[in-house]
Amino acid sequence: MVDITGKDLCKSYDKYLVFKGVSIELSDGDILAVIGPSGSGKTTLLKIFGLIMKPTSGELYFDDIEVTRIDETRLSDLRRSYIGYSFQEPIFIPSLNVIENILIPYYPYASRSELSRVKENALKILDRLGLSGLDRRRPSDLSTGQRKRVDLARALIKDPKVLIVDEPTANLDEESADIIRDVIREYREMNRIVIFAAHRDEKLFKIASKKLDITKYK
Amino acid sequence: MKFYNIFLLSLKKIVRERVWSSAHIILIIIILIAFSTIYPLTKFIGVMASRYINQTTTLIEVRPEAQIHNTLRVEFPPGVPVTINYNEYFNETDVERIMNITHVTDVIRGVELHVRVFPGYSKCIPNKDEVNLTELYIKIVKAEYPDTTREEIISRLREVASMTGLSIDEIVENKLKGWLASGFNLLGIETDKLEGVSSYFNDIIDGRFINPGSNETAISVDKVRFGYVIGKKVIACNSSVDLGDTLELLFTNDKVLGGELYRCYKVELVGFKSPHVFDDMVVDYEFALNIIKTELGEGGGRDILDKLPLYTVLFVKVDSPEHVKAVAEEIMEMYPGAGVYFSGQAASEAYRLLNSIETSLILTFYLTTGVTISVIFLARVFEVVKRRREYGLFRSVGWYKNTIIIFNLVSGLLIGLLAGGFASITLLALKPYLIDLLKVNIASHGLIEYEVSTVVNYMTRNIPPTYMLILNPFIGALISVVASFISILVYLSIPLENALKEV
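The structure displayed is predicted, hence computed values, not measured ones.

Scoring rules and cut-offs
- Residues numbered from 1 in each chain as written.
- Chains lettered and ligands numbered in written order.
- Predicted model: local features only at pLDDT ≥ 70, side-chain atom pairs only at ≥ 80, totals over all residues.
- Helix = DSSP H or I, 4+ residues; strand = E, 2+ residues; numbered from the N terminus.
- Buried ≥ 20, exposed ≤ 12 C-beta atoms within 10 Å, placed from the backbone.
- Expected span 1.5 Å × (residues − 1).
- Arc of directions from axis to C-beta.
- Contact = placed C-beta atoms within 7 Å.
- pLDDT = per-residue confidence, 0-100.
- Nonpolar A, V, L, I, M, F, W, Y, C, P; charged D, E, K, R; others polar.
- Pairing = 2+ DSSP bridges.
- Axes fitted to C-alpha atoms, helices over the stretch in contact; angles between N-to-C directions.
- Core = buried A, V, L, I, M, F, W, Y, C linked by C-beta atoms within 7 Å.
- Parallel < 35°, antiparallel > 145°, perpendicular 65-115°, else oblique.
- Left-handed = near helix turned anticlockwise from the far one by under 90°.

This brings us to the overall build of chain A. Looking only at helices and strands, chain A features 7 helices and 9 strands. Out of the 218 residues in chain A, the part that is buried amounts to 47%.

In this section: the overall build of chain B. Assigned secondary structure in chain B consists of 19 helices and 13 strands. For chain B, buried positions account for 39% of its 503 residues.

All names here are of chain A. Helix length check: helix α6 (residues 174-189), at 16 residues, gives a terminal C-alpha distance of 22 Å against a target of 22 Å (1.5 Å per residue), a fit within 8%. Those residues of α6 that fall on the buried side of the exposure criterion are S176, I180, V183, I184 and Y187. An end-on view of α6 places all buried positions within 95 degrees of arc, on one side of the element. Those residues of α6 that are exposed and aimed more than 90 degrees away from the buried face are E174, E175 and E189. Residues of α6 that are buried in the fold lie against β3 (31-35), α5 (144-156), β7 (162-166), β8 (193-198) and α7 (202-207). Looking one or two places after α6, you find N191, whose phi comes out positive at around 65 degrees.

A word on the environment of L310(B). Tracing the backbone through its elements, the reader meets L310(B) in the loop between α12 (302-307) and β12 (313-318). When the C-alpha atoms of L310(B) and R109(B) are compared, they prove to be 8.7 Å apart, with 201 residues separating the residues in sequence.

This brings us to the confidence of the model for chain B. Residues and elements named next belong to chain B. In this model, chain B carries a mean pLDDT of 75, and residues with pLDDT of at least 70 account for 67%. The weakest mean pLDDT in chain B belongs to helix α10 (residues 232-237) at 33; the strongest belongs to helix α3 (residues 92-99) at 93. Predicted confidence for residues 254-261 stays below pLDDT 50, and this span has 9 contacts to residues more than four positions away or in other chains. Per-residue pLDDT stays below 50 along residues 442-451; that stretch engages in 14 contacts with residues further than four places along the chain or on separate chains. With a pTM of 0.60, the predicted complex shows an ipTM of 0.93.

What follows concerns the confidence of the model for chain A. For chain A, per-residue confidence averages 91 on the pLDDT scale, and 100% of positions sit at 70 or higher. Of all secondary-structure elements in chain A, the lowest mean pLDDT belongs to α7(A), at 86, while helix α3 (residues 98-102) of chain A reaches the highest, 95.

Take the interface of chain A and chain B next. Contact residues are listed per partner, giving 21 residues for chain A and 23 residues for chain B. Class assignment of the residues belonging to the side of chain A that touches chain B gives a composition of 13 nonpolar, 4 polar and 4 charged.

All right, on to the sheet that holds β7(A) then. Residue and element names in this part refer to chain A. On the basis of which strands lie adjacent, the open sheet formed by 5 strands has the order β6-β7-β8-β3-β9 and parallel pairing. On the outer flanks of this sheet lie β6 (83-86) and β9 (210-213), each paired with one strand and no other. Geometrically, the sheet is characterised by an average inter-axis angle of 15 degrees between neighbouring strands, direction not taken into account. Contacting β3, β7 and β8, α6 crosses the sheet at an angle of about 150 degrees to β8.

With that settled, consider the sheet that holds strand β1 (residues 4-13) of chain A. All names here are of chain A. If you trace the 4 strands from one edge of the open sheet to the other, you get β2-β1-β4-β5, paired in antiparallel fashion. This sheet does not close on itself; its edge strands, each paired only once, are β2 (16-26) and β5 (65-66). Bridge count for strand β4 (residues 57-62) against β5 is 2 bridges, and the pairing is antiparallel. Within the sheet, the bridge partner assigned to F62 lies in β5 and is I65. Against the sheet, helix α1 (residues 42-49) contacts β1, β2 and β4, and its axis sits at roughly 130 degrees relative to β1.

Let us look at the nonpolar core. Ranked by size, the top nonpolar core spans 102 residues in total, and within it A33(A), V34(A), A153(A), I164(A), I195(A), F196(A) and L32(B) carry the most contacts. The residues contacting V34(A), other than those within four sequence positions of it, are K42(A), L45(A), L46(A), I195(A), A197(A), L212(A) and I214(A). In terms of nonpolar packing, the next biggest core, distinct from the first, is built from 51 residues, I108(B), L247(B), V270(B) and A338(B) among them.

This next bit is on helix α6 (residues 150-164) of chain B. All names here are of chain B. Taking 1.5 Å of rise per residue, the 15 residues of α6 would be expected to cover 21 Å, and the 21 Å separating its terminal C-alpha atoms lies within 8% of that figure. Of all 15 residues that make up α6, 1 are buried, and the element is exposed over most of its length. Two residues or fewer after α6 comes G165, characterised by a positive phi angle close to 85 degrees.

Our next topic: the packing of α5(A) against α6(A). All names here are of chain A. α6 packs onto α5 with a crossing angle of 15 degrees between their chain directions and a minimal axis gap of 10 Å. As far as their axial angle goes, α6 and α5 are roughly parallel. With respect to the hand of their crossing, α5 and α6 are arranged in left-handed fashion. For the pair α5 and α6, contact is made by G145, K148, R149 and L152 and by S176, I179, I180 and V183, respectively. Residues that form the contact of α5 with α6 fall into these classes: 4 nonpolar, 2 polar and 2 charged.

Residue and element names in this part refer to chain A. Assignment of secondary structure puts A122 in helix α4 (residues 112-128). Note on A122: 23 C-beta atoms within 10 Å, which makes it buried. Separated by 22 residues in sequence, A122 and E100 place their C-alpha atoms 9.7 Å apart. Filtering out sequence-adjacent residues up to four positions away, A122 remains in contact with I99, I102, L103, A153 and I157.

Residues and elements named next belong to chain A. With 6 of 6 residues buried, β8 is to be regarded as a mostly interior element. Of the two faces of β8, the one holding I193, I195 and A197 and the one holding V194, F196 and A198 are both buried throughout. Of the strand pairs in this sheet, β3 and β8 are connected by 5 bridges, and their pairing is parallel. Bridging across to β8, A33 finds its partner in F196.

Residues and elements named next belong to chain B. Topologically, Y265 is positioned in strand β10 (residues 263-273). Assessed through the 18 C-beta atoms surrounding it within 10 Å, Y265 is described here as partly exposed. In sequence terms Y265 and L247 are 18 residues apart; their C-alpha atoms lie 8.0 Å from each other.

As structure tokens, then:
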């Protein structure tokens, strides 16, 4: 498992301050809800936790590793072994089908037998997310809710220690949103860290063990 | 890293994104076809131009003149199958005088003979009954006059038949006999001195010029006709001679016409040349000299033997094109009335024309090369830009930068190999049309029609060159891979957060 510690995290673009002074500690089983209105910097903070973006200042630790100071190769290692990231706007390889998109993290590093084992697991995850039978479809043939769930499936396939989900239920029908909430709940029970950003979903906020209102860090 | 998975993933993307991949591949095919055509063309034109400036323009051909030179006063004895073409000749003293002229670097000695070949009809076509003589005759006529139709030839034969009362078979047989009972010219030349000037003699259509000191090799001027005239085996088998064939030159004289006595000189045929410069069969001087000595020795031509070695033609090598005229004038002064030929002006015109062609082609070559590399490069850059978010996704899920580079290189390699392979296949399919196109464009310069026809002949056989057909996939792959590498490196310098943004 992993502990995440953010100390005085600050992000700004030129003179525009997104947030400052964000300090937080997360450990196994913590679910952090980053809340705030659209454009307030929630996604930016999630990207910092997801090692996609570096903070302008401050320190971020994964256990005792100060991730803002490590090189790209070690960052790739951490992304692969610690983090499952589901984007606000899912990104897919259009020419690959659903199952192939989910397996992307494994292609360069898994043997053929590992790949087929992961594929079986991916089918179970798709089933859990209510996407049975869609594994051969192209992402472009899916609805918004389905695409969001496929993106989540790709985050889950790695069985990550830290699951980061950006606006998991935004623009989804209630059925899709319920499925995603359940998955996050299950993750808490598995003693993993979940970080999500949301600005309206009260049901989702209730699952969170910690809340961070980004508007307070301006 | 699992290369197999990366390869498979790349292949899947290429196959499934067929519209994009096809556009990408077609672009590279077009550019490689242009490159494969223009590159060898410019190379060859360059070689041609340098040949003309360096070789043709520094050589002077000198022929003796009867009134003032050594003259053979004794005719060849009757029945000797070899005659020297001219009564006039140079000897070693003449060669030394010419050698002493300033700027002359060497003198190539030559002798021209006429060889009478009377092989006897039955010896030429031992399997005469198996050969359809009329068909053979039509073949020979068509080889000489390609525009003549078969119907026209037969019609003419019928006319003659009606006038003479002979059958067509009899007419054909008589005509063939007439051809077979002919001879040919033979140029013996110092082949060991031809380095650097061999192109003057060397309008090789096929094969090569004889090597220095090749006593029993020969180069023929008329591929088709030669096979009918000489070589009993050849005419019966395939109606033509080919490179590597050993020709049996059956010399015989009037005394034994139709008889069993003849002398056989065997030569291996090493090349065919066009009758542009010499309408002769070429052999080494020593070999020609040996023929003279042998035939005259038996024929009683002792007076001539005493005058050997003699030369009916000399080729004077000059150190630079700018001195050719002065040397020629000095030779003319030394031997008034002698035939002194130098093709400086014609060569210079040819050179100027070829040079202008070369210049424009070289510019085109650089342009094509530049465009080829740029287009393939830009195609790959565009590919990376187009897939910016995809590569961002790879990075976000933990792919190493090196893995992304390799993935991109594999894609580039596959695209390049496929495009290069298709380019080679397309070139092969387009070859006949390409040659027609080139012929039309180049053969329109009448002034150097012959030279140009040589170029076209060369191109007909060599464009696209085999090596380009083989190299195309690798050229495509190489440029594509290098371009992929550079563009992906540039891409990977973009921060991940920006790479994931929608454009």
